[in-house]
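Residue-level listing of the chains:
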Amino acid sequence: AQKITQTQPGMFVQEKEAVTLDCTYDTSDQSYGLFWYKQPSSGEMIFLIYQGSYDEQNATEGRYSLNFQKARKSANLVISASQLGDSAMYFCAMGHGFGTGTSLTVIP
Amino acid sequence: DTEVTQTPKHLVMGMTNKKSLKCEQHMGHRAMYWYKQKAKKPPELMFVYSYEKLSINESVPSRFSPECPNSSLLNLHLHALQPEDSALYLCASSQDRLAHRRETQYFGPGTRLLVL
């Protein structure tokens, strides 16, 4: 069984600052992938970044990076230089399972 | 192109109506999914189709009936729904289900369903 935990229901960040969204997971699989999705109020689930369990480097995609600590079973999302358009729900996911999400609000 | 399309965007239906949700992808993906998402909750998996065959049914009530006419299309037929079925229904696809734990799912914009 797999479990994803996001402990931050809501986060606020000043525009242009960096923010870290936490995600911990539990799985008995040796090979797995972790995903982060962004869901604006419009509802669409937008894929942001992927980290494979055997990837040696932390994943990066533009302003998004993943702080992957395998031994701690954590895969935190870092958003650099926050923009107003980053305000949304963010979900950490593994397979078909999603965490409870973090609502991020970027303050001008 | 990572586009998944869903129609309609919004749907209001009575408890005695029959309606269908449609999902389409042209990425050559062989796995397609239906999720249900209630407000302020994460998506919950309903069905998985792999190579046009139903491979996972997460104990979904029979008033929801999925159909995969071909590898690009996924339908969700709705009949005799209850008000508690009101939610955002998301369709997704991925290259392959076999390694789904490392497969990226691409989502459509969703259908917002209201059952009166």
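Residues numbered from 1 in each chain as written. Chains lettered and ligands numbered in written order. Predicted model: local features only at pLDDT ≥ 70, side-chain atom pairs only at ≥ 80, totals over all residues. Heavy atoms only, no water.

**As for the overall build of chain B**
Where we set the bar: Put simply, DSSP H or I for four residues or longer makes a helix, DSSP E for two residues or longer makes a strand, and each gets a number counted from the N terminus. Only C-alpha atoms enter the radius of gyration; for comparison, a globular chain is expected to reach 2.2 Å times N to the power 0.38, where N is the number of residues. Should any heavy atoms of two residues lie within 4.5 Å, those residues are counted as being in contact. Note that accessible areas follow from Shrake-Rupley with a 1.4 Å probe, and for residues the cover is restricted to the protein chains shown. Positive residues here are Lys and Arg, negative ones are Asp and Glu, while His and the chain termini are left out of the count. Note that the charge is assigned to NZ on lysines, CZ on arginines, CG on aspartates and CD on glutamates.
Per the secondary structure count, chain B includes zero helices and 11 strands. Starting at the N terminus and ending at the C terminus, chain B contains elements arranged as β-β-β-β-β-β-β-β-β-β-β. For chain B, the C-alpha radius of gyration of 13 Å lies close to 13 Å, the compact-globule estimate for 116 residues. For chain B, the C-alpha atoms occupy an extent of roughly 40 × 25 × 25 Å along the three principal directions. Of the contacts formed within chain B by residues at least 6 apart in sequence, a portion of 56% connects residues at least 24 apart. When the accessible surface of chain B is totalled, it reaches about 5800 Å², and 49% of it is carbon and sulfur. In chain B, 15 side chains carry a positive charge and 11 a negative one; their mean positions are 6 Å apart.

**Observations regarding the state of the cysteines**
Covalent bonding between the sulfur atoms of two cysteines is what defines a disulfide. All names here are of chain B. Stated formally: Sulfur atoms of two cysteines make up a disulfide when they are within 2.5 Å. Exposure categories follow from relative accessible area, calculated using a 1.4 Å probe and restricted to protein chains: below 20% of the type maximum is buried, above 50% is exposed, and the middle band is partly exposed.
As enumerated under the stated definition, the model contains two disulfides over all chains in all. The side chain of Cys23 participates in a disulfide bridge whose partner is Cys91; the two sulfur atoms lie 1.8 Å from each other. An S-S torsion of about -70° defines the bridge between Cys23 and Cys91 as left-handed. Residue Cys23 is found in strand S3 (residues 18-25), and its partner Cys91 is found in strand S9 (residues 87-94); the two are separated by 68 residues along the sequence. Under the relative-accessibility criterion, Cys91 is labelled buried at 0%.

**Topic: the interface of chain A and chain B**
Size of an interface: often given as the accessible area lost when the parts come together. Put simply, the rule is: By buried area we mean the combined loss of accessible area, with a 1.4 Å probe, across both parts when two parts are placed together. Salt bridge, as used here, is a side-chain nitrogen of Lys or Arg placed within 4 Å of a carboxyl oxygen of Asp or Glu.
Between chain A and chain B, the residue contacts involve 21 residues of the former and 22 residues of the latter. Summed over both sides, the interface between chain A and chain B buries roughly 1700 Å², with carbon and sulfur atoms accounting for 56% of that surface. Interface area lost by chain A to chain B is led by Met45, His96 and Phe98 of chain A, which between them contribute 34%. Taken together, the connections running from chain A to chain B amount to zero salt bridges. Listed by contribution, the elements that provide at least two residues to the side of chain A that touches chain B are strand S5 (33-39) and strand S6 (46-52) of chain A.

**Some remarks on the sheet that holds strand S1 (residues 4-7) of chain B**
Residues and elements named next belong to chain B. The condition that has to hold: Two strands pair if DSSP finds at least two bridges between them. With axes taken as lines fitted to C-alpha atoms, and helix axes fitted only over the stretch in contact, angles between N-to-C directions fall between 0 and 180 degrees.
The strand order S1-S3-S8-S7 describes an open sheet built from four strands, whose pairing is antiparallel. Looking along the sheet, the strands with just one partner apiece sit at the ends: S1 and strand S7 (64-70). In this sheet, neighbouring strand axes are inclined to one another by 20° on average, regardless of whether the strands run parallel or antiparallel. In this structure, S1 lies alongside S3, joined through four bridges in antiparallel fashion. Paired with Gln6 across the strands is Cys23, a residue of S3.

**Digging into the side chain of Ser50 of chain B**
Residue and element names in this part refer to chain B. One can find Ser50 in strand S5 (residues 44-50). Given the relative accessible area of 12%, Ser50 is considered buried. Look past the residues within four positions of Ser50 in its chain and what remains in contact with it is Arg30, Ala31, Ser55 and Arg97.

**Section: the nonpolar core**
Heads up, the condition is: To form a nonpolar core, buried Ala, Val, Leu, Ile, Met, Phe, Trp, Tyr and Cys residues must be joined to one another through side-chain atoms within 4.5 Å.
If you look at the biggest cluster of nonpolar residues, it comprises 25 residues, and the most contacted ones within it are Leu34, Trp36, Ile49, Leu77, Tyr90 and Leu104 of chain A. Elements represented by at least two residues in this core include exactly strand S2 (10-14), strand S3 (19-21), S5, S6, strand S8 (64-69), strand S9 (74-79), strand S10 (88-94) and strand S12 (102-107) of chain A. With four residues, S10 of chain A is the single largest residue contributor to this core. Among residues more than four places away in sequence, those in contact with Leu34 of chain A are Ile4, Tyr25, Ile49, Tyr50, Gln51, Phe68, Ala75, Ala93 and Met94 of chain A. Counting 23 residues, the second-largest nonpolar core is a separate cluster that includes Leu11, Trp34, Cys68 and Tyr89 of chain B.

**Quick look at the environment of Phe64 of chain B**
Residues and elements named next belong to chain B. Structurally, the position occupied by Phe64 is in strand S7. Judged by relative accessible area, which is 5%, Phe64 ranks as buried. Setting aside chain neighbours within four positions, we find Phe64 in contact with Met46, Phe47, Leu76, His77, Leu78, Leu81, Asp85 and Tyr89.

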